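Descriptive structure summary
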Amino acid sequence: MPAIRLPDGSIRQFDAPVTGAALAAQVGPGLARAAVAMTLSGRLVDLATVIERDADVRFVTRDDPEALPLIRHDAAHVLAEAVQSLYPGTQVTIGPAIENGFYYDFAREPPFAPTDFPPIEAKMREIVAAKEPFTCEVWEREKAIEFFLAKGETYKAEILRDLPESETITLYRQGSWVDLCRGPHMRTTGDVGTAFKLMRTAGAYWRGDHRNKMLSRIYGTAWRNQKELDSYLAMLAEAERRDHRRLGREMDLFHLQDEAVGSVFWHPLGWRLYRTVESYLRRALDADGYQEVRTPQLVDRSLWEASGHWEKFGAHMFTAQVEDEHRTLALKPMNCPCHVQIFNQRVRSYRELPLRLAEFGSCHRYEPSGALHGIMRVRAFTQDDAHIFCTEDQIGAETVRFMALLSTVYRDLGFPEFAVKFADRPDMRAGSDETWDRAEAALREACAEAGVAYALNPGEGAFYGPKLEFVLKDAIGREWQCGTLQVDFVLPERLDAEYVAEDGRRRRPVMLHRAILGSFERFLGILIEQYAGRLPLWLAPLQVVVATIVSDADAYAAKVGRACEAAGLHVEVDTRNEKINAKVRDWSLRHVPVMLVAGRREAEAGTVAMRRLGAPEQEVLTISEAVARLAAEATPPDLRSKAAQEVACA
RNA sequence: GCCGACGUAGCUCAGCGGUAGAGCAACUGAUUCGUAAUCAGUAGGUCCUCGGUUCAAAUCCGAGCGUCGGCACCA
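In what follows, the accompanying structure is described. Only a predicted model underlies this, so the values are computations on that prediction, with no experimental measurement involved.

Rules behind the numbers
Residues numbered from 1 in each chain as written. Chains lettered and ligands numbered in written order. Predicted model: local features only at pLDDT ≥ 70, side-chain atom pairs only at ≥ 80, totals over all residues. Heavy atoms only, no water. Phe/Tyr/Trp six-rings, centres within 6.5 Å; stacked < 30°, edge-to-face > 60°. Helix = DSSP H or I, 4+ residues; strand = E, 2+ residues; numbered from the N terminus. Lys NZ or Arg CZ within 6 Å of the ring centre and 35° of its normal. Near = heavy atom within 4 Å. Polar contact = N/O pair within 3.5 Å; in protein donor to acceptor, adjacent residues only side chain to side chain. Core = buried A, V, L, I, M, F, W, Y, C linked by side-chain atoms within 4.5 Å. Buried < 20%, exposed > 50% of the residue type's maximum accessible area, 1.4 Å probe, protein only. Domains from an automatic or database assignment. Contact = heavy atoms within 4.5 Å. Pairing = 2+ DSSP bridges. Axes fitted to C-alpha atoms, helices over the stretch in contact; angles between N-to-C directions.

Using the criterion set out here, one finds 26 aromatic pairs in the structure. Summarising the aromatic geometry, the rings of Y104 and F106 are spaced 5.0 Å apart at their centres and angled 20° between planes, so their arrangement reads as stacked. Judged by centre distance (5.0 Å) and plane angle (40°), the rings of F422 and Y454 are tilted. Taken as a pair, F422 in strand β25 (residues 419-423) and Y454 in the loop between α14 (433-450) and β26 (455-457) lie far apart in primary sequence, 32 residues in all. Through a chain of ring-to-ring contacts, the aromatic side chains of F254, W266, W271, Y274, F360 and F520 assemble into a single cluster. R72 extends its terminal NZ or CZ atom over the ring of W223, reaching a point 4.4 Å from the ring centre. In this structure, R438 packs its charged tip against the face of F489, placed 4.6 Å from the ring centre.

As structure tokens, this is what we get:
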């Protein structure tokens, strides 16, 4: 007979098995009203679950953060019921809770459009108001298949057929509507509440496979209360203002146009930002034992065939024919094979390892049209690429070293936090299973040595080796792989790289492919969004605007501008015949971090009124004080300690 | 590539069969002003492209291109 321990440590003894709901009622009427689910020895289950034996039980109320996935999953069921009652003949497939909401994939021709949302949402609210109880039923597989087939639900039948033998098959009923579902659910559809909203439609392949039929997906968002929903929607609106495509235009950084799809036109200010990051990174690589190289843009197809890229990615490579030579050249889609060519130019000794070859390599890939996204997914981009040729037992030390470098760079550029994923062998791959076992084990051990915690990303490795992915998020929380570290035993073999070992025998080196930013284009897009355009002074391409209040101060403002320039600051002098209000507004909209205002008073006193972007207050300083302060702040982080030392010595 | 939405002035958008519109930006003039929009005037458009329907197309239809949101892809 169950003895049930509650979170406060108290133990309740029962003579017979008891449901969670009954237990809650016994604990107190308030809890019975608030509880929507419970954890039974750590597992989240329905309140209706019968507790048969001794267990730890904790109730989840609707206000708990843990209730959010339940609200969202229940909302997906309510959506499906609403859709099937309004559009008979629509088949249901799957409908999970996701971050911020839920979706449901339906099979229907024609697919749903946002114009269908008002009636669907209205129906959903009816279903919620009806407070239909969720009840769980255990079915036999064959019966369940028959049941769904009889309803014309072929997708559900297919899911059922593919469920492992061991799986208990459960159906959840809400009112007259039934769905195959693993659960858990809350008590009734009423627990979903009213803080939900259908957001958008999308096409999605059945089982995520492009060879399958495309289903019609409806995305929704759902929250515990209206306040949470409102703040989520406000966050999305705010994120729109941070969009790098919008900021790129507002700050005059870059543009894209139809004649060069997927290629960036960098404007002067954007290119300055690019160069600031590039210079910073080049200093970091120079200091960390890398040797920078430069390799060709156009390379004969035979090299790509040898590396295996032609077979796997040939269709996504830009090629060029040379008329009087019988050759096909490809614009390089990546740099690895070229770096191996440099390695292979002479006999290498083990003494040279690890050999780190770096390149800011300009690459072209014919990306599928639907993949393009602003400057974050483009067809022409520049990787901050490097390949480390080393021995198998140097992998750990190189990983430790790389993690230190990457962490420093990310921190300096404003990303103290980042996610790490471990992507292991994909279905389509080069190299034997034994090779993959070794490569994956080596990378796992290297992670342990470097103290890297990661999430698994199964089957997502490169075709030649497992990889770590360093993931950053954009303004609305979409994840982008930026940095990477890949362990490769395959390409050295295919491209016949070797070195002479201590014992005089020839050996294959291991190749570590690694990038920190990934591509400048993507990283700068994320950087712009991360800072919402308000870049720290050292990164801002236009750092200071000197603005006059009256034209009598024009000559003085020019002098202030020259002082800034002399200190290496990127400055512009605004002597337009506009009110200071208008100038402040104009430059604020362009996210210029500092304004130095010069009116009659400042011109007479030899001072400037310094104003930070977005801050209402000002500080009056002498020219030299203002410039010295700004110049110090505009020093890149890696040069700061050095600059401080020089000051100390002087 | 697939599903859907969208494509009108530099930007944001209105117009949805009958001679292309607004606000902001730009340009010109006046104004010399104290920290997020001074006033007035001027100029600016193969209405994405091609084809079709029609007396007449920005508007209706078709195809293409591009962008956006997803899916798939991402060396």
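If you check the shell around RNA strand B, you find 57 residues, and the closest are M334, S369, N577, R585 and E602. Restricting the count to atoms of RNA strand B within 4 Å of the protein gives a sugar and phosphate share of 50%. G374 places a polar main-chain atom, nitrogen or oxygen, 3.4 Å from a phosphate oxygen of RNA strand B. Here a base oxygen of RNA strand B sits 3.3 Å away from a polar atom, N or O, in the main chain of R600. Looking at the surface near RNA strand B, the elements that each hand over two or more residues are β14 (196-205), β15 (214-222), α8 (244-250), α11 (309-313), α18 (580-589), α19 (600-605) and β35 (607-612).

This brings us to the nonpolar core. Y410, L413 and L527 are the most contacted members of the largest nonpolar core, which has 71 residues in total. The element best represented in this core is helix α9 (residues 268-287), accounting for 8 residues. Split by domain, the residues of this core number at least three in each of domain 3 (254-530) and domain 4 (544-633). Ignoring sequence-local partners within four residues, the contact set of L527 consists of L273, V277, L413, F415, L535 and L539. With 31 residues, the next largest nonpolar core counts A67, I71, A80 and M124 among its residues.

Now for the sheet that holds strand β19 (residues 298-300). Overall, antiparallel pairing links the 3 strands, which are arranged β19-β21-β20 in an open sheet. Two strands close off the open sheet at either side, each with one partner strand: β19 and β20 (319-322). This sheet shows a mean twist of 35° between the axes of neighbouring strands, independent of strand direction. When β19 meets strand β21 (residues 327-331), the two strands line up antiparallel, connected through 3 bridges.

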